[in-house]
Amino acid sequence: MTLLDGREVRKKLLDDLKNKLDKLNRRLGLTVIQIGSSDSSNIYVKQKEKLAIELGYKFNCIKLDDNVREDDVLSLIDELNDDCNVDGILIQLPIPDNLDSRKVLDRISSKKDVDGLTCINAGRLICNKECLIPGTALGIMDIFSYYNIDVSGKHVVIVGRSDLVGKPMFSILSNTNATVTLCHSKTKNLESITSKADILIVAVGVAKLITKDMVKKECVIIDAGINVINGKLCGDVDYDNVVDIASYITPVPYGVGQVTTVELLYNVYRAYELNKKD
Ligand code: NDP
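All of the points below concern the structure found in this document. A quick note: this is a predicted structure, and the numbers were derived from the prediction, not measured.

A closer look at the site of the ligand
Then step 1. Near the ligand, the surroundings consist of 18 residues, among which R161, S162, S185, I226 and T260 are the closest.
Then step 2. With respect to the ligand, the side chain of R161 contributes an N or O atom lying 2.7 Å from an oxygen atom.
Then step 3. With respect to the ligand, the backbone of I226 contributes an N or O atom lying 2.9 Å from an oxygen atom.
Then step 4. When the ligand is considered free in solution it has 920 Å² of accessible area, and contact with the protein chains removes 69% of it.
Then step 5. When the residues that make up the shell around the ligand are grouped by side-chain class, the tally is eight nonpolar, nine polar and one charged.

Okay, structure coming up:
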């Protein structure tokens, strides 16, 4: 069994990104819009801020009240879309229920949409056209590439169909010639599907959902889940019992989570490149 160490992939990605940033004659700008201030949102924004500052980005977090009017959020996004010092815009999710999250996300210029969540980027990804792609999906592909895991012709089973992980993974893997099955909470007899996977990608948010009997011998396992049990981080895979069957596996922590934020900040550079073409 080979451990897929997210820290190694993170280091390589950071080296690549820093090389690219060194050649620029300006600082890149990332603006995060945070609506409300839940503890988890605060933590995620801080993580982004820390790495953005380390990379020399101009980082700005605009905090808005829970009860902000939708029109005010849309006007703010319009201003940021027009601001040439802002290369990337991100809405920290989730946002309050009184706002239409699809409408708000789609107001972001597709070329500044560093989370890759606008319908334009999701559609372009399906069509295999140049676009911005959610960081977690990019990170998983970079883990495959770092460890020379070829997905072409493999049966990849994805559990979880969120816009952030499962759906973009489905599109990328289809475009890279994998045979892809996408499972979710309404999937019947999940284990009959997961147990046929050459590569299993799990992004659900249910601790230890994937047990030993659900996995084929020599399977490659990517666990994007982040759960906390008794104060300890764990993934969606029952790691201790599955680790001996897998050929490769990402641990939690130190797996996929290590690369996601780097990919997001890499996306700010990619957004800058896209905007430069205009
Ligand atoms: P969402 O809640 O948006 O999506 C969860 C998905 O899992 C849904 O498609 C849901 O199905 C499916 N699901 C729920 N229960 C089951 C079940 N029992 N069997 C099969 N499928 C099920 O979550 P996210 O994609 O945003 O996040 C998933 C996990 O990944 C979380 O733990 C999150 O913290 C983590 N995450 C980690 C990242 C990283 O960098 N490592 C980045 C992003 C997320 P349905 O669509 O039918 O509701």
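Some thoughts on a nonpolar patch on the surface
Then step 1. Taken together, the side chains of I43, Y44, I226, V228 and L233 define a hydrophobic patch exposed on the protein surface, amounting to about 480 Å² of accessible area.
Then step 2. Checked against the element boundaries, L233 lands in strand β10 (residues 232-234).

Examining the sheet that holds strand β7 (residues 199-202)
Then step 1. Strand order across the open sheet formed by six strands is β1-β11-β8-β7-β5-β6, with parallel pairing between neighbours. In the strand order of this sheet, the two ends are held by β1 (2-3) and β6 (179-183), each with one partner.
Then step 2. Pairing of strand β5 (residues 155-159) with β7, which is carried by four bridges, proceeds in the parallel orientation. Within β7, the position partnered with V157 by the bridge is L200.
Then step 3. Against the sheet, helix α6 (residues 135-146) engages β7 and β8 (220-223), with an angle of about 145 degrees to β8.
Then step 4. Contacting β5, β6 and β7, helix α7 (residues 166-175) crosses the sheet at an angle of about 170 degrees to β6.

So, the state of the cysteines
Then step 1. Within this structure, the stated rule accounts for zero disulfides.
Then step 2. Between C119, a free cysteine, and C127, which holds the nearest cysteine sulfur, the sulfur-to-sulfur gap is 13 Å.
Then step 3. Accessibility expressed as a relative area gives 45% for C119, which makes it partly exposed.

With respect to α7
Then step 1. Every buried residue of α7 is accounted for by G166, P168, M169, S171, I172 and L173.
Then step 2. Buried-residue contacts for α7 involve α5 (119-126), α6, β5, β6 and β7.

A word on the pairing of strand β2 (residues 29-35)
Then step 1. For β2, the tally of buried residues reaches seven of seven residues, placing the bulk of the element in the interior.
Then step 2. Residues G29, T31, I33 and I35 line one face of β2 and the alternating positions L30, V32 and Q34 line the opposite face, and both faces are buried.
Then step 3. Inspection of the sheet shows β2 paired to strand β3 (residues 58-64) by seven bridges, in the parallel sense. The residue bridging L30 from the neighbouring strand is F59, located in β3.

A closer look at the packing of helix α1 (residues 6-22) against α6
Then step 1. Closest axis-to-axis distance for the α1/α6 pair is 10 Å, and the angle between their directions is 100 degrees. When the interaxial angle is binned, α1 and α6 end up roughly perpendicular. Within the contact between the two elements, α1 uses E8, V9, K12 and L13 and α6 uses D142, I143 and Y146.
Then step 2. The class makeup of the residues in the contact of α1 with α6 is four nonpolar, no polar and three charged.

Observations regarding the nonpolar core
Then step 1. By size, the foremost hydrophobic cluster in this structure holds 56 residues, and its most contacted members are Y57, F144, L173, I201 and L265.
Then step 2. When residues in this core are grouped by element, the largest group, 10 residues, is from helix α10 (residues 257-276).
Then step 3. Here F144 is in contact with I149, V151, L173, I199, I201, V220 and I222, once residues within four sequence places are set aside.
Then step 4. Counting 19 residues, the second largest nonpolar core, distinct from the first, contains I62, I77, L105 and I108.

What about unusual backbone geometry?
Then step 1. Of note, the amide linkage connecting L93 to P94 takes the cis form, showing an omega dihedral of 0 degrees.
Then step 2. Inspection of the secondary structure puts P94 in the loop between β4 (88-91) and α4 (101-107).
Then step 3. Note the cis peptide between V252 and P253, where omega equals 5 degrees.
Then step 4. For P253, the position within the fold is in the loop between β11 (248-249) and α10.
Then step 5. The phi dihedral of E218 falls on the positive side, at around 70 degrees, and the residue is not glycine.
Then step 6. With respect to the secondary-structure elements, E218 resides in the loop between β7 and β8.

About the criteria used
- Residues numbered from 1 in each chain as written.
- Predicted model: local features only at pLDDT ≥ 70, side-chain atom pairs only at ≥ 80, totals over all residues.
- Heavy atoms only, no water.
- Near = heavy atom within 4 Å.
- Polar contact = N/O pair within 3.5 Å; in protein donor to acceptor, adjacent residues only side chain to side chain.
- Areas by Shrake-Rupley, 256 points an atom, 1.4 Å probe, with all protein chains shown as cover.
- Nonpolar A, V, L, I, M, F, W, Y, C, P; charged D, E, K, R; others polar.
- Patch = residues over 30% accessible without salt bridge, like charges linked within 9 Å, V, L, I, M, F, W, Y side chains within 5 Å.
- Salt bridge = Lys/Arg side-chain N within 4 Å of Asp/Glu carboxyl O.
- Helix = DSSP H or I, 4+ residues; strand = E, 2+ residues; numbered from the N terminus.
- Pairing = 2+ DSSP bridges.
- Contact = heavy atoms within 4.5 Å.
- Axes fitted to C-alpha atoms, helices over the stretch in contact; angles between N-to-C directions.
- Disulfide = S-S within 2.5 Å.
- Buried < 20%, exposed > 50% of the residue type's maximum accessible area, 1.4 Å probe, protein only.
- Parallel < 35°, antiparallel > 145°, perpendicular 65-115°, else oblique.
- Core = buried A, V, L, I, M, F, W, Y, C linked by side-chain atoms within 4.5 Å.

From the geometry alone we can't say anything about function, so treat these as descriptive.
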